[in-house]
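Geometric and topological summary
Here's the letter readout for the chains.
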Amino acid sequence: MSSTKAFDIPKALVWKAYLDVKRSAGGSGIDGQSMEGFENDLKNNLYKIWNRMSSGSYFPPPVRLVEIPKADGGVRPLGIPTVADRIAQGVVKRYLEPLVEPEFHEDSYGYRPGRSALDAVAQARRRCWRDDWVLDLDISKFFDTLDHALLMRAVKRFTACKWVLLYIGRWLRADVQLPDRTLQARNVGTPQGGVISPLLANIFLHLGFDQWMTENYPNIHFERYADDIVVHCRSLKQLEWIRDKIENRMERCRLALNPAKTRVVYCKDTQRKEQWPCQSFDFLGYTFRPRSARNYRGEFFVSFSPAISRKAAQSLRQKIRREWRLQTRTYLNLDELAHRINPVISGWVNYYGKFCRSELHSVLDHINEALAGWAMRKFKRLRRRKTRAHAWLKDLARRNPELFAHWRYQGWMTRAV
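Residues numbered from 1 in each chain as written. Predicted model: local features only at pLDDT ≥ 70, side-chain atom pairs only at ≥ 80, totals over all residues. Heavy atoms only, no water.

Observations regarding the layout of surface pockets
What the second largest pocket holds in volume is close to 490 Å³. By residue number, the principal contributor to the lining of the second largest pocket is helix 4 (residues 83–100), which donates 5 residues. For the lining of the second largest pocket, a count of residues per class yields 9 nonpolar, 6 polar and 5 charged. (1 Å grid on protein atoms, 1.4 Å probe; cavity = no way out; pocket = protein on both sides within 12 Å on 5 of 7 lines; lining within 4 Å. Points joined across faces, edges and corners; volume = space filled by probe spheres on them. Helix = DSSP H or I, 4+ residues; strand = E, 2+ residues; numbered from the N terminus. Nonpolar A, V, L, I, M, F, W, Y, C, P; charged D, E, K, R; others polar.)

Next comes the structure, spelled out in structure tokens:
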């Protein structure tokens with residue numbers, strides 16, 4: 001280590017953190033600098049980050065507060081760091097993640113390499129088939145109320161690295177810039193939107209929930225994706241008992257369950273005869289509820305299974321209408337239009353079509369409506385002729401079924417008229 005530097009931070013770590021941030025994109029922070037602007041003087045900017053972090057003189061700027069509307073009428077506060085600060089956070093994340101990742105619980109899925117939300121949904125489905133009851137937990141304002149002292153104690157369980165602890169502490173205390181540009185001090189919470197925040201959340205809940213459950217109640221299983229937790233129980237009595245234990249544990253962690261959103265769910269199916277008012281829950285964009293299914297003999301039965309949630313489907317339809325605005329893209333030809341929207345469609349189908357794909361058709365049909373609207377604006381012969389526009393679109397799908405990514409999943413679109 002250089003005698004002029006307080007900490008030995010490899011330059012390669014800064015470079016890899018920059019590549020991570022570049023791949024994940026993201027908006028600008030309070031300085032208004034985009035990734036493109038940062039890259040105009042890339043070598044010098046990366047050197048500044050390394051030099052300041054290595055000397056102990058790096059102080060994070062305030063994060064920019066952005067409020068994202070939620071489906072229930074509330075807002076989700078996101079704290080957007082500057083590009084440089086995201087890279088600095090990425091340096092600590094790259095150092096810390098290999099230390100904590102091997103210790104994390106097998107049923108923790110959020111923001112972990114090699115694990116996905118679909119893995120969590122699949123595991124939840126298997127356990128809903130096995131266990132009759134689900135406790136759908138909602139931690140009230142988890143990221144906003146996370147206790148700094150407890151969090152630092154949790155991080156110290158995994159590392160004593162001085163510069164890691166120094167900068168995590170500074171990020172936790174960094175001010176927030178409100179939309180009116182005033183600064184707000186913060187003494188609790190870690191902002192959603194930060195590179196380091198998901199890892200800190202996993203560290204805290206690994207010790208505060210995952211490990212505690214494993215040590216004390218190893219026969220009660222759960223899936224956790226960040227602060228979204230589903231607990232499986234064999235009986236209502238067991239569920240009520242473990243709910244009290246979890247509530248007490250959350251209080252010790254200086255957190256609280258949201259009583260309005262924490263739900264007791266009966267996983268109703270053909271074999272389960274009890275009556276219970278709540279027979280569904282949402283998890284990671286999927287709604288679990290009783291659904292009609294068919295077995296290998298072609299016989300119908302009721303299965304407790306996931307499919308795209310109503311909220312998720314509504315959100316996708318709103319994106320098609322409000323963000324895509326295909327009627328205004330008449331300057332594009334068909335190939336250009338397909339090139340622009342196909343990656344998004346494929347992502348939706350790959351995620352929301354994993355389980356009970358037929359429930360996704362309402363969204364795919366909405367894409368076809370938008371494409372027909374585009375054609376009515378694009379071609380004079382189709383203007384104000386909705387039926388003819390849809391017939392033209394179906395003929396196009398029959399002749400070129402690979403043009404738009406969702407057509408291969410809609411057989412009726414590609415059959416001969």
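A look at the side chain of threonine 190
Here threonine 190 lies in the loop between strand 5 (183–184) and helix 9 (197–216). Discounting chain neighbours no more than four positions away, the residues touching threonine 190 are Phe143, Leu146, Leu172, Ser197 and Leu200. (Contact = heavy atoms within 4.5 Å.)

Details of the packing of aromatic side chains
Counting across every chain of the model gives 24 aromatic pairs. Measuring from centroid to centroid gives 5.6 Å for tyrosine 286 and phenylalanine 355, while their planes differ by 80°, and the two rings are edge-to-face. Here the residue tyrosine 286 occupies a position in strand 10 (residues 286–294), and phenylalanine 355 occupies one in the loop between helix 12 (334–352) and helix 13 (361–378), the gap between them amounting to 69 residues. Phenylalanine 355 matches tyrosine 286 in its accessibility class, with the two residues each being buried. A centroid spacing of 4.8 Å and a plane angle of 85° characterise the contact between tyrosine 351 and tyrosine 352, whose relative ring orientation is edge-to-face. (Phe/Tyr/Trp six-rings, centres within 6.5 Å; stacked < 30°, edge-to-face > 60°. Buried < 20%, exposed > 50% of the residue type's maximum accessible area, 1.4 Å probe, protein only.)

Structural notes on the sheet that holds strand 4 (residues 176–177)
Ordered by their spatial adjacency, 4 strands build an open sheet running 2-1-4-5, and the pairing between neighbours is mixed. Looking at strand neighbours, the two that pair on one side only are strand 2 (75–80) and strand 5, the edges of this open sheet. Direction of pairing for strand 4 relative to strand 5: antiparallel, over a ladder of 2 bridges. Paired with valine 176 across the bridge in strand 5 is glutamine 184. (Pairing = 2+ DSSP bridges.)

Points about the side chain of serine 309
Residue placement: serine 309 occurs in the loop between strand 11 (300–308) and helix 11 (310–324). Overall, serine 309 belongs to the buried group, its relative accessible area being 4%. Side-chain polar atoms of serine 309 contact the backbone nitrogen of alanine 312, separated by 3.0 Å. (Polar contact = N/O pair within 3.5 Å; in protein donor to acceptor, adjacent residues only side chain to side chain.)

Some remarks on helix 8 (residues 162–173)
Its 12 residues place the ends of helix 8 17 Å apart at the C-alpha level, agreeing with the 16 Å of an ideal helix rising 1.5 Å per residue. Counted residue by residue, helix 8 has 9 buried out of 12 residues, so it is predominantly covered. For helix 8, the full list of buried residues reads Trp163, Val164, Leu165, Tyr167, Ile168, Gly169, Arg170, Trp171 and Leu172. Buried residues belonging to helix 8 abut helix 1 (11–24), helix 3 (42–55), helix 4, helix 7 (148–156) and helix 9. (Expected span 1.5 Å × (residues − 1).)

With respect to the pattern of salt bridges
Tallying each qualifying case throughout the model produces 18 salt bridges. Aspartate 107 serves as the salt-bridge partner of arginine 127, at 3.1 Å between the closest nitrogen and oxygen. Taken as a pair, arginine 127 in helix 5 (residues 117–130) and aspartate 107 in the loop between helix 4 and helix 5 lie far apart in primary sequence, 20 residues in all. Across the pair, aspartate 107 and arginine 127 agree in class, each one buried. (Salt bridge = Lys/Arg side-chain N within 4 Å of Asp/Glu carboxyl O.)

Overview of empty space enclosed by the protein
Going through the model one piece at a time under the given rule, you end up with 1 cavity of 30 Å³ or more. The calculated volume of the largest cavity comes to roughly 60 Å³. The wall of the largest cavity is formed by Val63, Pro81, Gln89, Trp171, Leu172, Ala174, Arg186, Thr190, Pro191, Gly194, Ile196 and Ser197. A per-class count over the lining of the largest cavity returns 7 nonpolar, 4 polar and 1 charged.

Side note on the packing of helix 7 against helix 8
Across the interface, helix 7 lies against helix 8 with an axial gap of 11 Å and an inter-helix angle of 160°. Judged by the angle between their axes, helix 7 and helix 8 are roughly antiparallel. Regarding helix 7 and helix 8, the two cross each other, and that crossing is right-handed. Contact with helix 7, carried on its side by His148, Leu151, Met152, Val155 and Lys156, involves Leu165, Ile168, Gly169, Leu172 and Arg173 of helix 8 and no other residues of that element. Residues belonging to the contact of helix 7 with helix 8 are distributed by class as follows: 6 nonpolar, 2 polar and 2 charged. (Axes fitted to C-alpha atoms, helices over the stretch in contact; angles between N-to-C directions. Parallel < 35°, antiparallel > 145°, perpendicular 65-115°, else oblique. Left-handed = near helix turned anticlockwise from the far one by under 90°.)

Side note on the sheet that holds strand 7 (residues 228–233)
Spatial ordering of the open sheet is given by 6-7-3-8, a layout of 4 strands whose pairing is antiparallel. Looking along the sheet, the strands with just one partner apiece sit at the ends: strand 6 (222–225) and strand 8 (263–266). The sheet shows a mean angle of 15° between the axes of neighbouring strands, taken without regard to direction. Pairing of strand 3 (residues 133–138) with strand 7, which is carried by 6 bridges, proceeds in the antiparallel orientation. Bridge pairing in strand 7 links aspartate 138 to aspartate 228. This element, helix 9, spans strand 3, strand 6 and strand 7 of the sheet and lies at about 175° to strand 6.

Regarding a negative patch on the surface
Residues Glu240, Asp244, Glu247 and Glu251 make up a contiguous surface patch of negative charge. By secondary structure assignment, the location of glutamate 251 is in helix 10 (residues 236–252). For glutamate 251, a relative accessible area of 57% gives the class exposed. (Patch = residues over 30% accessible without salt bridge, like charges linked within 9 Å, V, L, I, M, F, W, Y side chains within 5 Å. Areas by Shrake-Rupley, 256 points an atom, 1.4 Å probe, with all protein chains shown as cover. Lys, Arg positive; Asp, Glu negative; His and termini not counted. Charge placed at Lys NZ, Arg CZ, Asp CG, Glu CD.)

Structural notes on the state of the cysteines
Enumeration over the complete set of coordinates arrives at 0 disulfides. Cysteine cysteine 128 remains unbridged, with the sulfur of cysteine 267 as its closest cysteine sulfur at 4.0 Å. (Disulfide = S-S within 2.5 Å.)

Here's the deal with a positive patch on the surface
A surface patch of positive charge is lined by Arg377, Lys380, Arg381, Arg383, Arg384, Arg385 and Arg388. Taking the relative accessible area as the measure of exposure, arginine 384 reaches 79% and is therefore exposed.

The quantities given are spatial measurements derived from coordinates; they are silent on function.
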